[in-house]
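Residue-level listing of the chains:
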Amino acid sequence: MTQNVKPIRIAGIGYGVPETVITNDDLTKLYDTSDEWIYTRTGIKERRVVSGNENAVDLGFAAAKMAVENSGINVEDINCVIAASSAPPQLYPALSCNVQSRLGIPNYVPSFDLTAACTGLIYALQVARGLIGAGIYKNILLVAADNNSRLVDWEDRSISILFGDGAGAMVVTEAEDGVDDILSLDVRADGSIGKYIYMNIPGNNCPLVEPCEQVDAKIHMSGRDVYKFVVTTLPKYIDKCIEDAGMVASDIDYLIPHQANQRIIEALQQRLEYPDEKVVSNIKYYGNTSAASIPIALVEGVQQGKIKLGSTAILCGFGAGMTWGAAVVRLREGIC
Ligand code: UT7
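Residues numbered from 1 in each chain as written. Predicted model: local features only at pLDDT ≥ 70, side-chain atom pairs only at ≥ 80, totals over all residues. Heavy atoms only, no water.

Chemist: Is there a simple way to think about the site of the ligand in this case?
Modeler: Taken together, 23 residues surround the ligand, and among them Thr33, Arg41, Arg224, Asn261 and Asn288 come closest. Within the side chain of threonine 33, one N or O atom sits 2.7 Å away from a nitrogen atom of the ligand. Protein burial of the ligand: of its 960 Å² of free accessible surface, 74% is covered by the chains. Counting residues per element, the shell around the ligand draws most heavily on helix H6 (residues 223-244), at 4 residues. (Near = heavy atom within 4 Å. Polar contact = N/O pair within 3.5 Å; in protein donor to acceptor, adjacent residues only side chain to side chain. Areas by Shrake-Rupley, 256 points an atom, 1.4 Å probe, with all protein chains shown as cover. Helix = DSSP H or I, 4+ residues; strand = E, 2+ residues; numbered from the N terminus.)

Chemist: I keep staring at the side chain of aspartate 180 and nothing clicks. Help me out?
Modeler: With respect to the element layout, aspartate 180 can be found in the loop between strand S7 (166-174) and strand S8 (182-189). One buried charge, aspartate 180, has no salt-bridge partner; the nearest side chain with opposite charge is arginine 129, at 5.3 Å. Among the polar contacts made by the side chain of aspartate 180, one reaches the main-chain amide nitrogen of isoleucine 182 at a distance of 3.0 Å. (Buried < 20%, exposed > 50% of the residue type's maximum accessible area, 1.4 Å probe, protein only. Lys, Arg positive; Asp, Glu negative; His and termini not counted. Salt bridge = Lys/Arg side-chain N within 4 Å of Asp/Glu carboxyl O.)

Chemist: Sorry, what's going on with the pattern of salt bridges here?
Modeler: Inspection of the entire model under this criterion finds 11 salt bridges. Where lysine 45 meets aspartate 35, a salt bridge forms, and the shortest distance between an N and an O atom there is 2.8 Å. In this pair, lysine 45 is assigned in the loop between helix H2 (35-42) and strand S3 (46-48) and aspartate 35 in helix H2, connecting sequence segments 10 residues apart. Judged by relative accessible area, which is 21%, aspartate 35 ranks as partly exposed. For aspartate 181, the salt bridge identified is with arginine 332, shortest N-O distance 2.9 Å. Placement of aspartate 181 in the loop between S7 and S8 and of arginine 332 in the segment after strand S13 (323-331) is noted, with a sequence separation of 151 residues between them. Note on accessibility: aspartate 181 and arginine 332 belong to one class, buried.

Chemist: In this structure, what is going on with the sheet that holds strand S12 (residues 311-319)? I would like to understand it.
Modeler: Backbone-to-backbone hydrogen bonds pair the strands of a sheet. The strands run either parallel or antiparallel. Taken together, 4 strands build an open sheet; the order of strands is S8-S13-S12-S11 and the sheet is mixed. The open sheet has two edge strands with one neighbour each: S8 and strand S11 (254-257). The mean inter-strand angle of the sheet, taken between neighbouring strand axes irrespective of direction, is 15°. Each of S8, S12 and S13 is contacted by helix H5 (residues 120-133), which is oriented at about 120° to S8, the strand it contacts most. On the sheet, helix H7 (residues 262-272) packs against S11 and S12 and is oriented at approximately 150° with respect to S11. (Pairing = 2+ DSSP bridges. Axes fitted to C-alpha atoms, helices over the stretch in contact; angles between N-to-C directions. Contact = heavy atoms within 4.5 Å.)

Chemist: Any chance you could explain the nonpolar core here in plain terms?
Modeler: Buried together is how nonpolar side chains tend to be arranged in soluble globular proteins. Membership of the largest hydrophobic core comes to 46 residues, with the highest contact counts inside it found for Leu142, Val172 and Ile256. Broken down by element, the residue count for this core peaks at 8 residues, all from H5. Within the second largest apolar cluster, 44 residues are counted, among which are Ile238, Ala245, Ile265 and Met322. (Core = buried A, V, L, I, M, F, W, Y, C linked by side-chain atoms within 4.5 Å.)

Chemist: Looking at this structure, I do not really get the sheet that holds strand S5 (residues 111-114). What am I missing?
Modeler: Read across the sheet, 5 strands follow the order S1-S7-S6-S4-S5 without closing on themselves; strand pairing throughout is mixed. The sheet is open, and its two borders are formed by strand S1 (8-16) and S5, each paired with just one other strand. Pairwise comparison of adjacent strand axes, ignoring direction, gives a mean angle of 20° for this sheet. Both strand S6 (residues 139-146) and S7 contribute to a ladder of 8 bridges, which runs antiparallel. Residue pairing for S7: leucine 142 is matched across the bridge by methionine 170. Across the sheet, helix H3 (residues 56-71) lies against S1, S6 and S7, angled at about 135° from S1, the strand it touches most.

Spatial relationships are all this shows, so hold off on functional conclusions.
Quick look at the structure:
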């Protein structure tokens, strides 16, 4: 792994979620399911979804505004915007471009999206770390925002129970005090198992070439395969990330995992031998909000007093690709 030249500081964090709540009981109006089945298998009780004209850009904007305000960095001084979005309202313009203009970031600042599904924020952090480390940009806004509810098949009970909408954001900057907030960071992908979770984009070939067929453009997932992959890969991978940080699990204050399934969170907790107080889980109230799930859990954890700042945390995510990643980070006072 390349060492970055300049250390980076996590300066501010934020989140945004829609108001509309859908409970497990609400879902029983759509198909044959029950609160008991959903809660036991996933740990989810409810999720938030966008409504009306609201979409992931609005959520991303709210999260980004909060993160920038918390960072104390002026919007005029943001040099780059990276959005991790796999369920945006539009393929283009990029969600990052929309957030850039809505937030009043100068209208020449480079802004782009990356697709790493639920691992998106950790991927974005890796890219930002490289850009800041190499001295290319100084202040980077990371946004993770998805409106999954627009892309799930609401007739498919195995998938639509899981997802919710939300956004998280983080401002990262060159650490002028020389203290690096990234103690270790690694991201990975295995395209050979991409079929575990996929979503086609609607579109047909030219009708002069062949008859048009309706393209199925909904999220597909082989839940069991994903589950098996994650519980066999992630625990030992996290061990490695902790080792890369020159630490042991007990040195780290919190585990903030991707919120995909409470049983997966518990498997990671057991591996690290952490008591409940060290594990941040809010899946019960938000479901799986893709790349936003880690920053939402982080910010909410701080707001609710579960996470004390001036601490360290291991963030870990996984998702379509398949992608996965983990980071051991320092959470300084004042980021939220
Ligand atoms: O960030 C994205 C990452 N994705 C994930 O992390 C997903 C990981 N996987 C999972 O969380 C679990 O696999 C699920 C929660 C998605 C599913 O749990 P499962 O224990 O693997 O259930 P299953 O898919 O094997 O289905 C078991 C049974 C089936 O019935 P039969 O065939 O045994 O009769 C399903 O038809 O449960 C049935 N089922 C349901 N029953 C009631 C599936 N969905 C539902 C439902 N309500 N919503």
